[in-house]
Amino acid sequence: MVTPLWGAASAAERRALNTAQILFNDGSYDLAERELAEFVRRYPNSSRLPEAVLLQAQARFKLKNLNGAIELLQNYFPQAGTLADEYRFWIAEARYEARQFGAAAADYAQLLRDFPKSRRRLEAIYGEALCRFQLQEWNRVKELLGQPDGDFQRLTAARLEDAQVVRAYLLLGETLWHTKEYRAGEVALLKLNADRLPPELAWEHHYLLCRLQMADQRLTNALATSLKLMQYARAGNIKQRLADTIALQAALYEQLQQWDAAVRVYESNLSEVASPTQRRQALLKVIELTLAQNQVAAALQKLEAFVANHPNDPAQDLAQFTLGELKLRLHVERVSAPAVPPASASETNLLQAALGHFNRVITDFPQSPYLPKALLLRGWCQWLEGSYVTSQSSFRQAAERLPAGPDQAVAQFKLGDTYLYQKDYSNALAQFQMVLSNYAGVAEIRGQLLDQALYQILRACIALGDLAGAESAFRKLVEWFPESYYSDRSMLLLGQALNRVNQPARAREVFAQLAQRFPDSPLALEARLAMARSYAQESRWEEALEHYNAWAADAAARRKVPAAEFDRAWVHFRAGRETNALELFSRFAQDFQEHPLAPRAVFWIANYYFRHNDLTNAETHYQRLFQTTNWPRSELTYQAQLMAGRAALARQSVRDATNYFLMLINDTNTPTPLLLSAYFAYGDTMVDLPVFGATNVYEQFANAITILSKIPQTDPTSPLVPAAWGRIGDCYFQLAAQDPKFYDSAAEYYQLAMTNTAEVSVRSQAEVGLGMVREKQAALQPAQREALLAEAFEHYRNVLYGRNLNEDETADPFWLRRAGLAAAALKENQREFAAAQAIYQRLKNLLPVLAEYCDRRIERLRELSATP
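The model shown is predicted, which means the values in this text are computed figures rather than measured ones.

### Considerations on the overall build of the protein chain
Helix and strand counts for the protein chain stand at 45 helices and zero strands. Expected size for 868 residues packed as a compact globule is a radius of gyration near 29 Å; at 46 Å, the protein chain overshoots this value by more than 25%. For the protein chain, the spread of C-alpha atoms along the three principal axes comes to 125 × 95 × 45 Å. The burial tally for the protein chain puts 49% of its 868 residues in the buried class. In the protein chain, 53% of the contacts between residues at least 6 apart in sequence involve partners at least 24 apart. Looking at the protein chain as shown, the accessible area adds up to about 42,400 Å², and 49% of this sits on carbon and sulfur atoms. When the 93 positive and 97 negative side-chain charges of the protein chain are each reduced to one mean point, those points stand 2 Å apart.

### Here we look at the packing of aromatic side chains
For the structure on display, the rule yields 32 aromatic pairs. Their ring planes at 55° and their centres at 5.5 Å tell us that Phe-152 and Tyr-169 sit as a pair that is tilted. Of this pair, Phe-152 sits in helix α9 (residues 151-156) while Tyr-169 sits in helix α10 (residues 163-178), and the two are 17 residues apart along the sequence. Residue classification places Phe-152 among the buried positions, given a relative accessible area of 1%.

### Topic: the packing of helix α39 (residues 721-735) against helix α41 (residues 760-780)
Put simply, α39 and α41 touch, their axes get as near as 10 Å, and they point 25° apart. The pairing of α39 with α41 is recorded here as roughly parallel in orientation. At the point where α39 passes α41, the crossing takes the left-handed sense. Residues Pro-722, Ala-723, Arg-727, Asp-730 and Phe-733 of α39 touch α41, and the partners they reach there are Val-762, Gln-765, Met-772, Val-773 and Lys-776. By residue class, the composition of the contact of α39 with α41 is six nonpolar, one polar and three charged.

### Brief notes about the side chain of Asp-107
Positionally, Asp-107 belongs in helix α6 (residues 101-114). What makes Asp-107 buried here is its relative accessible area of 5%. Setting aside residues up to four positions removed in sequence, Asp-107 forms contacts with Arg-88, Ile-91, Ala-92 and Arg-95.

### Structural notes on the nonpolar core
Counting residues in hydrophobic clusters, the biggest one holds 82 residues, and the most contacted among them are Leu-145 and Phe-152. Not counting chain neighbours up to four residues away, the residues in contact with Phe-152 comprise Leu-122, Ile-125, Leu-144, Leu-145, Val-165, Ala-168 and Tyr-169. Membership of the second largest hydrophobic core comes to 76 residues, among which are Met-643, Ala-648, Tyr-679 and Phe-701.

### Structural notes on the environment of Leu-450
Along the chain, the position of Leu-450 falls in helix α24 (residues 443-464). Taking relative accessible area as the criterion, Leu-450 reaches 0% and is therefore assigned buried. It is 7.2 Å that separates the C-alpha atoms of Leu-450 and Ala-440, two residues lying ten residues apart in sequence.

### Observations concerning unusual backbone geometry
The backbone of Gln-217 sits at a positive phi, close to 60°, despite the residue not being glycine. Assignment of secondary structure puts Gln-217 in the loop between α12 (199-215) and α13 (219-235). At Asn-613, a residue that is not glycine, the phi angle is positive and equals roughly 65°. Position of Asn-613 relative to the elements: it lies in the loop between α33 (598-611) and α34 (615-627).

### What to know about helix α21 (residues 388-401)
Helix length check: α21 (14 residues) gives 20 Å between terminal C-alpha atoms against 20 Å at 1.5 Å per residue, within 8%. Turning to α21, its buried residues number three or more, namely Ser-391, Gln-392, Ser-394, Phe-395, Ala-398 and Ala-399. Summarising the contacts, the buried residues of α21 are in contact with α20 (371-384) and α22 (406-421).

### Some details on the environment of Ala-298
Among the secondary structure elements, Ala-298 is positioned in helix α17 (residues 296-309). With a relative accessible area of 24%, Ala-298 lands in the partly exposed category. Taking C-alpha positions, Ala-298 is 8.9 Å from Ile-287, a pair spaced eleven residues apart along the chain.

### Notes on helix α45 (residues 851-866)
With 16 residues, α45 ought to run about 22 Å at 1.5 Å a step, and its terminal C-alpha atoms sit 23 Å apart, in line with that. Taken together, the buried positions of α45 are occupied by Cys-854, Ile-858 and Leu-861. Across the axial projection of α45, the buried residues extend over an arc of 65°, all falling on one side. Exposed positions of α45 whose direction lies more than 90 degrees from the buried face are Glu-852 and Ala-866.

### Focus: the pattern of salt bridges
A side chain of one charge can pair with a side chain of the opposite charge when the charged atoms of the two come close. Enumeration over the complete set of coordinates arrives at 54 salt bridges. The residue Glu-174 makes a salt bridge to Arg-211 at a minimum N-O spacing of 3.0 Å. Of this pair, Glu-174 sits in helix α10 while Arg-211 is found in helix α12, placing the two residues 37 residues apart along the sequence. One salt bridge in this structure joins Glu-828 and Arg-857, with 2.5 Å as the shortest N-O distance. Of this pair, Glu-828 sits in helix α43 (residues 813-829) while Arg-857 sits in helix α45, and the two are 29 residues apart along the sequence.

### Describing the packing of α10 against α12
To describe two helices that pack against each other, one gives the angle between their axes and the distance between the axes. Where α10 contacts α12, the two axes come as close as 10 Å, and the packing angle between them is 15°. Regarding the angle of α10 to α12, the classification is roughly parallel. Our pair here, α10 against α12, has a crossing hand that is left-handed. Contact residues: Ala-163, Val-166, Arg-167, Leu-170, Gly-173, Glu-174 and Trp-177 in α10; Leu-201, Glu-204, His-205, Leu-208, Arg-211, Leu-212 and Ala-215 in α12. Of the residues that constitute the contact of α10 with α12, the class distribution is eight nonpolar, two polar and four charged.

### Focus on the environment of Lys-117
In this fold, Lys-117 is placed in the loop between α6 and α7 (121-134). Among the residues examined, Lys-117 registers a relative accessible area of 83% and is labelled exposed. In this structure the C-alpha to C-alpha distance between Lys-117 and Gln-293, which are 176 residues apart in sequence, comes to 62 Å.

Cut-off values and rules
Within any chain, residue numbers begin from 1 and follow the written order of that chain's sequence. Owing to the predicted nature of the model, reporting of local features is limited to residues with pLDDT of at least 70; listing and counting of side-chain atom pairs is limited to 80 or more, with chain, interface and lining totals taken over all residues. Where side-chain values are given, they derive from all heavy atoms of the structure, hydrogens and water being excluded. Only DSSP runs of H or I covering at least 4 residues are called helices, and only runs of E covering at least 2 are called strands; the numbering of each starts at the N terminus. Our radius of gyration looks at C-alpha atoms and nothing else; its globule reference is 2.2 Å times the residue count to the power 0.38. Think of it in three bands: residues with accessible area under 20% of the maximum for their type are buried, residues over 50% are exposed, and the middle band is partly exposed, with areas taken using a 1.4 Å probe on protein chains only. Whether two residues touch is decided by their heavy atoms; if any such pair falls within 4.5 Å, the residues are in contact. Computed by Shrake-Rupley with a 1.4 Å probe, the accessible areas treat only the displayed protein chains as cover when residues are assessed. Only four residue types enter the charge count, namely Lys and Arg as positive and Asp and Glu as negative; His and the chain termini do not. Taken as the charge location is NZ of Lys, CZ of Arg, CG of Asp or CD of Glu. Note on aromatic contacts: the rings of Phe and Tyr and the six-membered ring of Trp form a pair at centre separations within 6.5 Å, being stacked when their planes are under 30 degrees apart, edge-to-face when over 60 apart, and tilted otherwise. The convention used is that axes are lines fitted to C-alpha atoms, helices contributing only their stretch in contact, and that angles between N-to-C directions extend from 0 to 180 degrees. By definition in this entry, angles of less than 35 degrees are roughly parallel, angles greater than 145 are roughly antiparallel, angles of 65 to 115 are roughly perpendicular, and the rest are oblique. Left-handed describes a crossing whose near helix is turned anticlockwise from the far helix by less than a right angle; the clockwise case is right-handed. Residues are sorted three ways: Asp, Glu, Lys and Arg are charged, Ala, Val, Leu, Ile, Met, Phe, Trp, Tyr, Cys and Pro are nonpolar, and all the rest, Gly among them, are polar. The nonpolar core is taken to be a set of buried Ala, Val, Leu, Ile, Met, Phe, Trp, Tyr and Cys residues, with the residues joined through side-chain atoms within 4.5 Å. Expected helix span is taken as 1.5 Å per residue step, with the number of steps being one fewer than the number of residues. Think of it as the arc spanned by the lines of direction from the helix axis to the C-beta atoms. Salt bridge criterion: a side-chain nitrogen from Lys or Arg within 4 Å of a carboxyl oxygen from Asp or Glu.

Bear in mind that shape data such as this cannot, by itself, settle questions of function.
In structure tokens:
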């Protein structure tokens, strides 16, 4: 409480402040704070303002409004007067309470520096020491509390029984423990007479003293101190302190290797530890110390006796759990050393007995802290007896309930194993990756489990076809655990997987490592093929051919691995040796007619003839694909039908072509992308057919529009949709020759085709088409002629100058030519000869093939320009 500073204050001021002081003293801090805020507002010039502000800040402090207290004191600090040290002290106190230890320490230090005679000096020394301790600035704590000629030692010499002074010495002792100055810490504590302190402080004093002696390896002294510590714990009837004392004393006996004495400490005090948690800890230590002497049978006997003699004891769950744990361990040891016969008949069924104990914990003690671990060990029992699917539930529940640490890592790993066993690779992968992400930085788990987790991740990724994930797991495995048994196995698995799916250069590296570490491996043949495929994936065709041909020198090898012979033919093609590829694919299709790759070989042969304009042979081989009944229908079958139609169209057999396209359109099993291609090819064919008589015009183009419209109707997201719109625009443009109203429809569809998602050629065709529409409309609408021609020219110019291109696109040469010629012709017709010449000059630069034609037009335009 602040001492009143009576001065020249009015009676009203004194009453208001007295009322607030009474409210504060009575603990009504909220009302006091409001009264004081009102005082500050009403009497800003009062001589008692500093006192009111300080008391208001203290009220805020009590209300845990720490920032508000700090702000208030800082704002009025210049007016604090004789209370300045109090202001500084309470700013520091509020910052300490807010855990702003650095700022609080600075404030306490400033108080000590600025106010050497403050009554808060001792409190400020202790406050700064507390802050420095939190900041682990040990030297400053020692400087504040430990200097023989320092203020703390001087001010407390006659006050060694004060609670705050005792706590300061305890803080000094704790600091010296951290700095490993154990003897100095003991000397500091021995300045205090523990027998003259309250039991709680006396216990804390001796507990710290015992720890200092233990750290200094003076265990006999520490043991003597612990006996006195036990007296203080019992004198104060402090149950938690008693439990801590038992633990400390037993730890001392352990360090002295007096195991029986340590066990006696716990056993003699089991009845003194009242809480279930403390009883559990005592029982656990008894078993732990018994097992430390490798007395498994004795531990089991103690536990069985406890279970029988204390059926209602709260520690029953611990006893059941530990019995299960020990019996499971004995089972594993027996299995690992089968030559050792069981010690008794009961040991022949240890696994089932252990499972029974764990089930008891799980069923009878649903709130037990041992339940999560019991679930884990039950899962192990079920796994070891071959109940893999049943164990999944136990491992899952354990993984969900166990805290982060080795046990949870094992539970997550074994849950992954159960998924892997059931070929649920996605869930298996998720579990193993969880182990990796949660525990890669935990040294204990990393060394025991992570190499297996990485190996299982690799297996799951391979099963899922995620070779990038498998490769990542492999890299981590060989980098982190180069000597692990799983590193060698993962190398084998990854090499085989890369071999199957033609992963590029990494396959070569992995198999090179395999060959180096396992020079006599039976995988040598597959390694050679993997090397060849890796070169092929990198487009290093000559090196790939070298390895393929070396492999193919063995005729038996070719018969054994037909897929590799197919790959060899493909590499010949990519290396530019098409004749050799044709020979190899033809031989493959002949020798391996039942192989799944045989249809692909035939498709390649058909494409070869198509590329070389041998359209009859191409069509024959395409037909073979969809007419041969020995091969199941697949997407390749439908592609062959589409290509047969294109081959027929190329040899100008429109009837055959349309028949092929209609076969695809009428087949309900045609894959959607190929169906849309068939629609487009069929509609495209109808658009380009010559028109025989005006009576057929409308029907021909109307049918084409109907067919092409099915593309956006079937799949609005198909990349063919803009092209279909463009061709529909062409149809309406042709129909407009008979009925000009169709120009508007043509323009509408050209606009649709100009979407940014369309290919350059499609957008350019639509842009040019739209220009042609505006030219036609200009001829029909004299009043709008100039505006329409200007719009037409703008569309041509968009293509000519690349204004319709997206980033990183290049112009389509065909439509660049069409747009340029149309733009130049338009300007000629408008007698803007200079503009036309500029366009021809640009065309000449962009398309050198038009140079001669452009030169002639430019010369002609110059003549026209010179003519008056």
